[in-house]
Amino acid sequence: MTLDYELFDAGDVVLQGGRVFPNMRLAYRTYGRLNAARDNVIVYPTSFGAQHYDTEWLVHSGGALDPDRYFVVIPNLFGNGLSSSPSNAAQAFADGSYPDVSYYDAVAVQHRLLTERFGIAKIALVYGWSMGAMQAYHWATRYPDMVERAAIVCGSARCSPFNFVFLEGVKAALTADPAFVDGRFVSTPSVGLRAMGRVYAGWAMSHAFYRDALWRTLGFTSLEDFLTRSWDVAFSRRDANDLLAQIRTWQSGDISRCDQFGGNLADALAAIAARVLLMPSRTDSYFQVRDNEDELPLLVNACSAELVPIPSDYGHRAGNPALIPADRAFINATVAAFLAKDGNQETRR
């Protein structure tokens, strides 16, 4: 079978936690052409459970991530089933225990891809939604001389305690399935995947979304129809052990959790030199606006920093609005304007 994506063989990688990941592989896809200066690059990491197929809707002619102007690289996050994951790399670990892979680890391999395979030294924009946004934050922190702009869409610099607890509920629903044995799934947990979707439905969409029956705008005939056709099957297309691996990555996410910053978030945020766009959803339940509000004044060395919430009632989903025209237009317009900013233009709002 011919793949419509490429694989970067990173070799044996020493992870942040100290374990060695043998023959670690990063799946990625590119769109557009790299210019002669190699500086028209947009890095667009994937989100929870997503593969590049799920997010490439934002890459199109005339949009903010325009492949006619930019060389867009979508690296698939480890644990998504295309890059190294429990579902495709279990044989690499004799005891069957897939190691914890942090955002720090993921971004380090992505950096190797860009520098070793493409000779890239400057990135015009790192754009990410949700877990992708957390990767964008890590990019801006770890490689401040390389990243010119970072768009953080419905994400934060670290997983908040509230966000962590939300994920504990998701994880508990999934692992309650009898297929979960000795820390891993030994068969497909159909009941657990459905339960996970039902739990997730209450968090991903907002109170206003359900109050005003906005599921009708997405083509559903009733609330139960929305839950059944959208959320009961939302995660069934992914391997359950892969989902657990990505949840662990998410919960441990913290740009300051490394030797360089020793857990000091203010120091980590102060290391960012890029222009930064913080774009939470006004009604997001778990990546809340308040987290970005607290981060904004700590971006003291960023070339510019602005907070522009998405005025939407679609909750967390407002940041990935493939089927929500108003939110899609807002994101495209805001990111296009952000990309157009040059020089040392100071913005604080």
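Read on for a plain summary of the structure. (Residues numbered from 1 in each chain as written. Predicted model: local features only at pLDDT ≥ 70, side-chain atom pairs only at ≥ 80, totals over all residues. Heavy atoms only, no water.)

**What about the overall build of the protein chain?**
When helices and strands are counted, the protein chain shows 12 helices and 10 strands. Taken over the C-alpha trace, the protein chain has a radius of gyration of 19 Å; the compact-globule value for 349 residues is 20 Å, and the two agree within 12%. Projected onto its principal axes, the C-alpha positions of the protein chain cover 55 × 50 × 45 Å. Taking contacts inside the protein chain between residues at least 6 apart in sequence as the whole, the part at least 24 apart equals 73%. Accessible surface, the protein chain: about 14,100 Å² in total, of which carbon and sulfur atoms supply 52%. Separation between the mean location of the 31 positive side-chain charges and that of the 37 negative ones in the protein chain comes to 3 Å. (Helix = DSSP H or I, 4+ residues; strand = E, 2+ residues; numbered from the N terminus. Rg over C-alpha atoms; globule rule 2.2 N^0.38 Å. Contact = heavy atoms within 4.5 Å. Areas by Shrake-Rupley, 256 points an atom, 1.4 Å probe, with all protein chains shown as cover. Lys, Arg positive; Asp, Glu negative; His and termini not counted. Charge placed at Lys NZ, Arg CZ, Asp CG, Glu CD.)

**As for the environment of Thr115**
By the element assignment, Thr115 lies in helix H3 (residues 103-118). What makes Thr115 partly exposed here is its relative accessible area of 28%. Put simply, Thr115 and Met134 are 19 residues apart on the chain and 21 Å apart in space, counted from C-alpha to C-alpha. Apart from the residues lying within four places of it in its own chain, the contact partners of Thr115 are Ile120 and Met146. (Buried < 20%, exposed > 50% of the residue type's maximum accessible area, 1.4 Å probe, protein only.)

**Remarks on the environment of Ala336**
When you line up the elements, Ala336 lands in helix H12 (residues 325-340). On the accessibility criterion, Ala336 (36% relative accessible area) is partly exposed. C-alpha of Ala336 to C-alpha of Gly62: the two residues are 274 residues apart in sequence and 9.7 Å apart in space.

**Comments concerning the packing of aromatic side chains**
Enumeration over the complete set of coordinates arrives at 26 aromatic pairs. The interplanar angle of 85° and the centroid separation of 5.5 Å between the aromatic rings of Phe21 and Tyr98 together place this pair among those described as edge-to-face. Of this pair, Phe21 sits in strand S2 (residues 20-31) while Tyr98 sits in the loop between helix H2 (86-89) and H3, and the two are 77 residues apart along the sequence. Their ring planes at 70° and their centres at 5.3 Å tell us that Phe71 and Phe118 sit as a pair that is edge-to-face. Here the residue Phe71 occupies a position in strand S4 (residues 71-75), and Phe118 occupies one in helix H3, the gap between them amounting to 47 residues. Here Phe71 and Phe118 have matching classes, each one buried. One residue, Arg142, lies across the ring of Tyr104, its end atom 3.7 Å from the ring centre. (Phe/Tyr/Trp six-rings, centres within 6.5 Å; stacked < 30°, edge-to-face > 60°. Lys NZ or Arg CZ within 6 Å of the ring centre and 35° of its normal.)

**Things to note about helix H5 (residues 161-175)**
For H5, which comprises 15 residues, the first-to-last C-alpha distance of 21 Å matches the rise-based estimate of 21 Å (1.5 Å per residue) to within 8%. Taken as a whole, H5 has its buried residues at Asn163, Phe166, Leu167, Val170, Ala173 and Leu174. Axial view of H5: buried residues confined to an arc of 115°, hence all on one face. Among the exposed residues of H5, those pointing more than 90 degrees away from its buried face are Pro161 and Val165. Where H5 is buried, its residues touch strand S8 (184-185), helix H6 (190-204) and helix H9 (240-251). (Expected span 1.5 Å × (residues − 1). Arc of directions from axis to C-beta.)

**Section: the pairing of strand S5 (residues 125-129)**
Across the 5 residues of S5, 5 count as buried, placing the element largely inside the fold. Going residue by residue along S5, you find Leu125, Tyr127 and Trp129 tucked away on one face and Val126 and Gly128 tucked away on the opposite face as well. Where S5 and strand S6 (residues 149-153) come together, 4 bridges link them in parallel fashion. Across the sheet, residue Trp129 finds its bridge partner in S6, namely Val153. (Pairing = 2+ DSSP bridges.)

**Remarks on empty space enclosed by the protein**
Which parts of space are left empty comes out when a probe the size of a water molecule is rolled across the atoms. Considering all chains together, one arrives at 2 cavities of 30 Å³ or more under this definition. Considering only enclosed or pocket space, the largest cavity measures out at about 40 Å³ in volume. Residues of the lining of the largest cavity, tallied by class, amount to 4 nonpolar, 5 polar and 2 charged. Residue lining of the second largest cavity: Phe78, Gly79, Tyr98, Pro99, Asp100, Val101, Ala245, Gln246 and Thr249, and that is the complete set. (1 Å grid on protein atoms, 1.4 Å probe; cavity = no way out; pocket = protein on both sides within 12 Å on 5 of 7 lines; lining within 4 Å. Points joined across faces, edges and corners; volume = space filled by probe spheres on them. Nonpolar A, V, L, I, M, F, W, Y, C, P; charged D, E, K, R; others polar.)

**Topic: the sheet that holds strand S3 (residues 41-43)**
Spatially, the 8 strands line up as an open sheet ordered S1-S2-S4-S3-S5-S6-S9-S10, and their pairing is mixed. What marks the edges here is a single partner per strand, and that holds for strand S1 (6-14) and strand S10 (304-307). For this sheet, the mean inter-axis angle between neighbouring strands, taken without regard to orientation, is 20°. Two elements, strand S9 (residues 275-279) and S10, share 4 bridges in a ladder whose sense is parallel. Bridged to Leu277 within S10 is Glu306. The sheet strands contacting helix H4 (residues 131-142) are S3, S5, S6 and S9, and the helix crosses S5 at an angle near 150°. (Axes fitted to C-alpha atoms, helices over the stretch in contact; angles between N-to-C directions.)

Structural measurements only, silent on function.
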